[in-house]
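Letter by letter, the chains look like this.
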Amino acid sequence: MTTTQARTEPGDAHGTEPHAGHTPAAGAGHQGGHGPHGYSAQKDAHLKRLRRIEGQIRGLQRMVDEDVYCIDVLTQVSASTKALQSFALSLLEEHLRHCVAAAAEEGGAELDAKVAEATAAIGRLLRS
């Protein structure tokens with residue numbers, strides 16, 4: 001796996017399964033998790049940010065390997081967690097602006113599905 005690939009779990013918002021309630025436009029390429037998403041315009045910046053977070057996690061591994069004082073490791077865990085939370089909020093905002101806004105134009109079941117999907121994602125973020 002390369003540094004630009006993310007591991008996903010079943011039901012993960014970033015998996016390759018199509019999002020519930022999503023009816024892509026012809027040729028949109030959303031099936032299979034690929035295609036233009038709300039974050040696509042910022043993809044390079046997001047990848048750079050994720051690589052920085054990955055570096056923080058590798059730093060944690062080194063700290064443990066080098067028997068660094070536990071409070072110092074916990075401080076780095078906190079910083080890494082905040083970085084991931086900030087990234088998640090950025091993705092959520094882009095999802096709301098792009099996917100939910102597009103569904104609002106359609107209305108009906110599509111809007112209901114996107115609001116439910118966003119609400120579930122927010123719930124997962126709050127529990128993490």
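Bear in mind that the values here come from a model prediction, so they are computed numbers and not experimental data.

Reading the values: rules and limits
- Residues numbered from 1 in each chain as written.
- Predicted model: local features only at pLDDT ≥ 70, side-chain atom pairs only at ≥ 80, totals over all residues.
- Heavy atoms only, no water.
- Helix = DSSP H or I, 4+ residues; strand = E, 2+ residues; numbered from the N terminus.
- Buried < 20%, exposed > 50% of the residue type's maximum accessible area, 1.4 Å probe, protein only.
- Contact = heavy atoms within 4.5 Å.
- Areas by Shrake-Rupley, 256 points an atom, 1.4 Å probe, with all protein chains shown as cover.
- Salt bridge = Lys/Arg side-chain N within 4 Å of Asp/Glu carboxyl O.
- Axes fitted to C-alpha atoms, helices over the stretch in contact; angles between N-to-C directions.
- Parallel < 35°, antiparallel > 145°, perpendicular 65-115°, else oblique.
- Left-handed = near helix turned anticlockwise from the far one by under 90°.
- Nonpolar A, V, L, I, M, F, W, Y, C, P; charged D, E, K, R; others polar.

This next bit is on the overall build of the protein chain. The helix and strand inventory of the protein chain stands at 3 helices and 0 strands. Counting helices and strands in the order they occur from the N terminus, the protein chain gives α-α-α. Per-residue burial for the protein chain yields a buried fraction of 24% across its 128 residues. Here the contacts in the protein chain between residues at least 6 apart in sequence split such that 49% fall between residues at least 24 apart. Approximately 8,900 Å² of the protein chain is accessible, and the part contributed by carbon and sulfur atoms is 57%.

Okay, unusual backbone geometry next. Notably, Asp67 is not glycine yet its phi reads approximately 55 degrees, a positive angle. Mapped onto the elements of the fold, Asp67 is located in the loop between α1 (43-65) and α2 (70-106).

Under the definition given, this model contains 3 salt bridges. Its salt-bridge partner being Glu117, residue Lys114 comes within 3.3 Å of it at the nearest N-O pair. Remark: Glu117 and Lys114 occur in helix α3 (residues 108-127); sequence separation between them is 3 residues, near one turn of the helix. Its relative accessible area of 1% is what places Lys114 among the buried residues.

Further remarks concern the environment of Met63. Relative to the assigned elements, Met63 resides in helix α1. Counting along the chain gives 13 residues from Met63 to Gln76, while the straight-line C-alpha distance between them is 9.2 Å. Sequence-distant contacts of Met63, that is, excluding residues within four places in its chain, are made with Val68, Asp72, Val73 and Gln76.

Another point: the packing of α1 against α2. Here α1 crosses α2 at 160 degrees, and the two axes come no closer than 10 Å. Judged by the angle between their axes, α1 and α2 are roughly antiparallel. Considering the relative orientation of α1 and α2, their crossing is left-handed. Among the residues making up the contact of α1 with α2, the classes are represented as 13 nonpolar, 6 polar and 3 charged.

A separate point is the packing of α2 against α3. Packing of α2 against α3 leaves a shortest axis separation of 8 Å and a crossing angle of 165 degrees. On the basis of their axis angle, the class for α2 and α3 is roughly antiparallel. Handedness of the crossing formed by α2 with α3: left-handed. Contacts from Ala88, Leu92, His95, Leu96, Cys99, Val100, Ala103, Ala104 and Glu106 in α2 reach Gly108, Glu110, Leu111, Lys114, Glu117, Ala118, Ile122 and Leu125 in α3. Among the residues forming the contact of α2 with α3, the class breakdown is 11 nonpolar, 2 polar and 4 charged.

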